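Structural description and commentary
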Amino acid sequence: MKFSSKIFSTELDTRIIAVHSPKIRNRIRFALISDLHSSRYGDGQQELIDAVRAGKIDAVLYAGDIFDSRQSDTPTLELLSGLSEYPSFFVTGNHEMKNTDADKNRAAARSFGICVLQGNETSVEINSQRITVCGVDDIYDSEEEFLSQIENVRKPLNDDFRIFILHNPEIVSVYEKVTADLFVCGHVHGGQWRLPFINRGLVSPRRTLFPKYSSGLYGIGNAKLIVSRGLSKTSTRIPRIFNRPEIIFIDVCPSHQNI
Ligand SMILES: [Fe+2]
């Protein structure tokens, strides 16, 4: 590959990030899918679907902006349909909330058997391992509604491993308010341009330079935060630089004491 095509490459990337917890006995592998913005990955989204299946996952976490307020819904619907065999969990991003059809987006997700989270939590068993998954709508539409959803999911209902899906990792007040073992987010698109060597993103959608959370794994107190660089290829005229779109496979694993 020529150097210039490496800089601007939008070739799909995948990586595995492991999170360990004494609450886990059996490993669960999730695909974290964020900020697709209805971008196209081959006929029928086959490239994405094949990549997820090749990851031998157990479940899917959709962290918002899967739909896009300015793009056709068709590529997104093809992806949701193609992965409907997996237990899946969905929250809105700012694009779904901006879209006057946010309810339609949620209804479409539900029609594929996806659990839509709006300030609530669900307890599920995957690989004989019980966990809870909770999530909230993006703050875009109404801060009051966002805070009320946060209040609903502040405290866990049980001691199970708890995943919290939130579109925007920059709303840091959430990390103080909500108890969770793992937060998963997107929204920042890796900072659009990734700076080699220091491995930082340049700018967030809110024009913050060098956003603190833009790609990969972070510690938030005793919890972990994983931020996807997202899958958008077409929603902005600014090219991605050193910032290939990605699917993150998250391995929630036993801690070393109970392996
Ligand atoms: Fe977003």
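This section reports on the structure supplied with the text. This one's a predicted model, so the numbers in the text were calculated from it and none came from an experiment.

Topic: the overall build of the protein chain
When helices and strands are tallied, the protein chain shows seven helices and 14 strands. At 17 Å, the protein chain has a C-alpha radius of gyration in line with the 18 Å of a compact globule built from 259 residues. Counting only C-alpha atoms, the protein chain reaches 50 × 40 × 35 Å along its principal axes. The proportion of buried residues among the 259 residues of the protein chain is 42%. A separation threshold of at least 6 residues defines the contact pool for the protein chain, and within that pool the share at least 24 residues apart is 75%.

So, the sheet that holds strand β5 (residues 115–116)
Strand order in the open sheet formed by six strands is β1-β14-β2-β3-β4-β5, with mixed pairing between adjacent strands. Edge positions in the sheet fall to β1 (13–21) and β5, since each has one partner strand and no second. Both strand β2 (residues 28–33) and strand β3 (residues 59–62) contribute to a ladder of four bridges, which runs parallel. Paired with Leu-32 across the strands is Leu-61, a residue of β3.

Points about the sheet that holds strand β8 (residues 161–165)
Taking strand neighbours across the sheet as the criterion, the six strands line up as β6-β7-β8-β9-β13-β12 in an open arrangement whose pairing is mixed. Across the chains shown, the open sheet's two edge strands, defined by having one partner strand only, are β6 (120–126) and β12 (216–220). Between one strand and the next, the sheet's axes are offset by a mean angle of 25°, whatever the strand orientation.

Overview of the environment of Pro-169
Relative to the assigned elements, Pro-169 resides in the loop between β8 and α7 (173–177). The exposure class of Pro-169 is buried, given the 26 C-beta atoms found within 10 Å. Here the alpha-carbon distance between Pro-169 and Leu-231, two residues 62 residues apart in the chain, equals 16 Å. Setting aside residues up to four positions removed in sequence, Pro-169 forms contacts with Cys-185, His-187, Val-188, Tyr-213, Leu-225 and Val-227.

Points about the pairing of β6
Here seven bridges tie β6 to strand β7 (residues 129–135), and the two strands are oriented antiparallel to one another. Note that in β7 the partner of Val-124 across the bridge is Ile-131. Once β6 ends, the chain turns through two residues before running back antiparallel as β7, passing Asn-127 with a positive phi of about 55°.

What counts, and where the lines are drawn
- Residues numbered from 1 in each chain as written.
- Predicted model: local features only at pLDDT ≥ 70, side-chain atom pairs only at ≥ 80, totals over all residues.
- Helix = DSSP H or I, 4+ residues; strand = E, 2+ residues; numbered from the N terminus.
- Rg over C-alpha atoms; globule rule 2.2 N^0.38 Å.
- Buried ≥ 20, exposed ≤ 12 C-beta atoms within 10 Å, placed from the backbone.
- Contact = placed C-beta atoms within 7 Å.
- Pairing = 2+ DSSP bridges.
- Axes fitted to C-alpha atoms, helices over the stretch in contact; angles between N-to-C directions.

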